[in-house]
Amino acid sequence: MPALPRRLRLKDELGVTKTLTSGHETVRTSSSRNWLVLGLGPDPQAMAQGLAPDAVVSYLECPTFFDQAGADWQADIPANWQRVYTFDPLSDQNVLMYQAAMHLFPGFWGPVGAAFALPTPAKRDGSGAKTALIPLVRSRLIASEAAQALQEEGFLVQPVAVNGLVPTLEQSQPEIFLSINFAGLDSYGAAYSLLARAEVPVAVWCVDNPFHSLSGVKSGYWKDVHIFVTDSWFVEPLKRHGARHVHHLPLAANQEFFKATPSRPDLADKLLFVGRSAFPGKSDFFAGLTVQEDAWAEAHTMLARGERPDFGWWAARLGIDSFWPGRQARRAGFAAEESGLAWRSMVIQEASKAGNLAVCGDDDWRKHVDATYTLLPSVDYYGPLASMYASARYVVGATSPLLPHGLTQRHFDVWAAGGCLLTDDTPGLGIFPEELTKPITFKRASDIAVVAKNCGPERDGLIGQWRELIAREHTYAQRIRTILERISP
């Protein structure tokens, strides 16, 4: 009766105990008798039986795996096999790789896999041409603005899919790989390892909560990436979790919004609120999560007082002191998102009392807010939205508690379009002069009517000052220049 396969349990790179399964894949074949085994797996003896008797075998193993596997496992390694610590990815040999290796210790195996996938990355040709890689993503928002700004800086912008990285890096050495919210970078860091081997700087602009983006990442590669956060609150927590290069970089104005003209006379005397009641995929992202009744009652009372039960407040309230690795950040995120829904509902409720209100969003707002307002269908950001901003008497904004110090795209686009924004109070407003933010800011939702009334005589002058400020200091061209400066060696 054949012996049962060895079962081996050990802790992976993130400290999670796993039971290993067997399975190797031939990643290169050769007529040579030489074999290089990348990762021995749980049962070296069983794996050895699959090789020819005359095979000349060397093996590379992750030191942490080797030590955890223990003396009995080490004793099962055939005595004539040679352990190696370096290798030539171009050498003429057969290569066998343990399939689960990358999922166990991606920090070790990522560079190894990249060396075999990309043995000879291209070097810059000296022509002076500059290329930027931006991952292909489903949503155009921010990625399109970044691409346009890079083009204005003289870059050839090349959209790239994950499976297109190797051929791209075999042909050229781009100056930057720019990702929005870690798009194009896989959970285990294989794409990052390819870019690192090609010596391409990687920048990630987190326009949403960065720990939500990181909740699915299972490797520490992100700590070496240049991370740009639109919300300054996250700089310290990211550094505390090991990030080495973190920069605050707010959102900015879409250049096209400066071309907007009022074309919606039906909005001329209206307050306008724009936004969905929930982001796409919310239910799946927060599946199984709830908010305790006592904590929710406390948060709701805070909102009524104009206080912010934001992501940081909820993390403390729920006793969450570590946001990575794992998905615990989503617990605080779910509670903050529910606080945001309640806050936006309050804002709509009070704005409806302040004047003639139009809500541009989804039908679910009718379920959340019982008030008098005109419900307009959602519109494409790149379509009529700019002219709607320009046409409305006021645009009423509400920031998300998911970003404790965050701003929204409206803080830039409304003014660029020639509109006037009334905004809730957020520490993120500190990047603007107080004399411009004070007249347009409400702390409690019930203050909206007073702010709208008091702002009236100053409205046109404020629009002019804000528009000039946004054009001078807060465009995507300026943000891209900042990224390029920060990633320079």
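Residues numbered from 1 in each chain as written. Predicted model: local features only at pLDDT ≥ 70, side-chain atom pairs only at ≥ 80, totals over all residues. Heavy atoms only, no water.

## Considerations on the pattern of salt bridges
Taken as a whole and judged by the stated rule, the model has 20 salt bridges. A salt bridge links D266 to R264; its shortest N-O distance comes to 3.0 Å. For R264, a relative accessible area of 25% gives the class partly exposed. Notably, a salt bridge pairs R459 with D460, separated by 3.1 Å at the nearest N-O pair. Judged by its relative accessible area of 11%, R459 is buried. According to the relative accessible area criterion, D460 is exposed, its value standing at 59%. In this structure, a network of salt bridges that share partners links the residues D294, E298 and R317. (Salt bridge = Lys/Arg side-chain N within 4 Å of Asp/Glu carboxyl O. Buried < 20%, exposed > 50% of the residue type's maximum accessible area, 1.4 Å probe, protein only.)

## Let's talk about the pairing of strand 4 (residues 34-38)
In terms of burial, strand 4 is a largely internal element, four of the five residues being buried. Bridging between strand 4 and strand 5 (residues 56-60) involves five bridges; their strand directions are parallel. Bridge assignment links N34 to a residue of strand 5, and that residue is V56. With four bridges joining them, strand 4 and strand 7 (residues 94-98) adopt parallel strand pairing. Along strand 7, the bridge assignment pairs W35 with N94. (Helix = DSSP H or I, 4+ residues; strand = E, 2+ residues; numbered from the N terminus. Pairing = 2+ DSSP bridges.)

## A closer look at the packing of aromatic side chains
With the rule as written, the count across this model stands at 27 aromatic pairs. A ring pair is formed by W233 and F311, whose centres lie 5.9 Å apart and whose planes are at 90 degrees; its orientation type is edge-to-face. Of the two residues, W233 is situated in the loop between strand 12 (226-229) and helix 9 (235-240) and F311 in helix 12 (residues 311-317); the sequence distance between them amounts to 78 residues. Arranged with centres 5.0 Å apart and planes meeting at 85 degrees, the rings of F285 and F286 form a pair that is edge-to-face. Taking the relative accessible area as the measure of exposure, F285 reaches 23% and is therefore partly exposed. Here the aromatic cluster, defined as three or more aromatic residues joined through ring pairs, consists of F211, W233, F234, F311 and F323. (Phe/Tyr/Trp six-rings, centres within 6.5 Å; stacked < 30°, edge-to-face > 60°.)

## Notes on the sheet that holds strand 8 (residues 130-135)
The parallel open sheet is built from six strands, whose spatial order is 9-8-10-11-12-13. Since the sheet does not close on itself, it has two edges, and those belong to strand 9 (155-160) and strand 13 (245-248), each with one partner. The sheet shows a mean angle of 25 degrees between the axes of neighbouring strands, taken without regard to direction. (Axes fitted to C-alpha atoms, helices over the stretch in contact; angles between N-to-C directions.)

## Overview of helix 5 (residues 143-152)
Regarding helix 5, the residues found buried are A143, E145, A146, A147, A149 and L150. Of the surrounding secondary structure, the elements contacted by the buried residues of helix 5 are strand 8, strand 9, strand 10 (176-180) and helix 20 (476-487). (Contact = heavy atoms within 4.5 Å.)

## Re the sheet that holds strand 7
The sheet built from five strands is open, its strands ordered 3-7-4-5-6 with mixed pairing. Both outer strands of the open sheet, strand 3 (24-28) and strand 6 (82-83), are each paired with one neighbouring strand and no more. Contacts from helix 4 (residues 106-117) reach strand 3, strand 4, strand 5 and strand 7, with the element oriented near 145 degrees to strand 4.

## Points about unusual backbone geometry
Cis peptide bonds are those with omega within 30 degrees of zero, and the linkage from W324 to P325 qualifies with 0 degrees. The residue P325 is located in the loop between helix 12 and helix 13 (328-354) in this model. For I142, which is not a glycine, the phi torsion comes out positive at approximately 75 degrees. Note that I142 resides in the loop between strand 8 and helix 5. With a phi angle near 60 degrees, N181 is a residue other than glycine that sits in the positive phi range. Of note, N181 is situated in the loop between strand 10 and helix 7 (190-197).

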